[in-house]
Amino acid sequence: MAALRGVALHKEFGGGKHLTLAEVIAHEKPLTLEDINTMVDFFEKFKPDMDDPGWYNPEKPSVGWIRWSLMGGQSGKNWSLDTKKMVEEGLKDKSIKIKTPE
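Note that this is a predicted model, so its numbers are computed, not measured. (Residues numbered from 1 in each chain as written. Predicted model: local features only at pLDDT ≥ 70, side-chain atom pairs only at ≥ 80, totals over all residues. Heavy atoms only, no water.)

## Topic: the packing of helix α3 (residues 33–45) against helix α5 (residues 73–92)
Here comes step 1: Axis separation between α3 and α5 bottoms out at 9 Å; the angle between their running directions is 125°. Accordingly, the angle class assigned to the pair α3 and α5 is oblique. In the crossing of α3 with α5, the sense of the turn from one axis to the other is left-handed. Judged by residue contacts, Leu 33, Ile 36, Asn 37, Met 39, Val 40, Phe 43 and Glu 44 of α3 engage Gly 73, Gly 76, Lys 77, Trp 79, Ser 80, Leu 81, Thr 83, Lys 84 and Val 87 from α5.
Here comes step 2: Grouping the amino acids of the contact of α3 with α5 by side-chain chemistry returns eight nonpolar, five polar and three charged. (Axes fitted to C-alpha atoms, helices over the stretch in contact; angles between N-to-C directions. Helix = DSSP H or I, 4+ residues; strand = E, 2+ residues; numbered from the N terminus. Parallel < 35°, antiparallel > 145°, perpendicular 65-115°, else oblique. Left-handed = near helix turned anticlockwise from the far one by under 90°. Contact = heavy atoms within 4.5 Å. Nonpolar A, V, L, I, M, F, W, Y, C, P; charged D, E, K, R; others polar.)

## Focus on the pattern of salt bridges
Here comes step 1: This structure, assessed with the given rule, holds one salt bridge.
Here comes step 2: Note that Glu 88 and Lys 84 form a salt bridge whose closest N and O atoms lie 3.9 Å from each other. Of the two residues, Glu 88 and Lys 84 are both situated in helix α5; the distance of four residues between them amounts to about one turn of the helix.
Here comes step 3: We classify Glu 88 as partly exposed; its relative accessible area is 42%.
Here comes step 4: Given the relative accessible area of 22%, Lys 84 is considered partly exposed. (Salt bridge = Lys/Arg side-chain N within 4 Å of Asp/Glu carboxyl O. Buried < 20%, exposed > 50% of the residue type's maximum accessible area, 1.4 Å probe, protein only.)

## Regarding the packing of aromatic side chains
Here comes step 1: Summed over the entire model, instances satisfying the criterion amount to six aromatic pairs.
Here comes step 2: Pairing Phe 43 with Trp 68 gives two aromatic rings, centres 5.2 Å apart and planes at 85°, and the pair type is edge-to-face. Pair noted here: Phe 43 is in helix α3 and Trp 68 is in helix α4 (residues 63–70), with a separation of 25 residues, a long-range link.
Here comes step 3: An aromatic cluster is defined as three or more aromatic residues linked by ring pairs; in this entry it consists of Phe 42, Phe 43, Phe 46, Trp 55 and Trp 68. (Phe/Tyr/Trp six-rings, centres within 6.5 Å; stacked < 30°, edge-to-face > 60°.)

## Here's the deal with α4
Here comes step 1: Across the eight residues that make up α4, a large majority, six, are buried.
Here comes step 2: Residues Gly 64, Trp 65, Ile 66, Trp 68, Ser 69 and Leu 70 constitute the buried set of α4.
Here comes step 3: On its buried face, α4 is in contact with α1 (2–13), α2 (20–26), α3 and α5.
Here comes step 4: Residue Gly 72 follows α4 closely and has a positive phi angle near 105°.

## Overview of the side chain of Ser 80
Here comes step 1: Tracing the sequence through the fold places Ser 80 in helix α5.
Here comes step 2: Note on Ser 80: relative accessible area 0%, which makes it buried.
Here comes step 3: For Ser 80, the contacting residues outside a window of four places in its chain are Ile 36, Met 39, Val 40 and Phe 43.

Shown next, in the form of structure tokens:
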């Protein structure tokens, strides 16, 4: 839901250059490991200013809130971190196997 909101806010107010990943998240399409790593990198580097007057203001949103929403908000953060950890653990114990193109 946050990514859908982010896409709508972006279309109205701007707030970032690349919407491809946000569109994938918003429309619940399959994500690659690279996509998940991109999300994790974003959330590890981006420190939201939730005290910003434009935070969670749909009439005058801050660029930060739009960017945060595009990546799925708090739900996107929790999911991407948990999923990356699960994949890394699965690769270590070999319960997850990665298929490579032939």
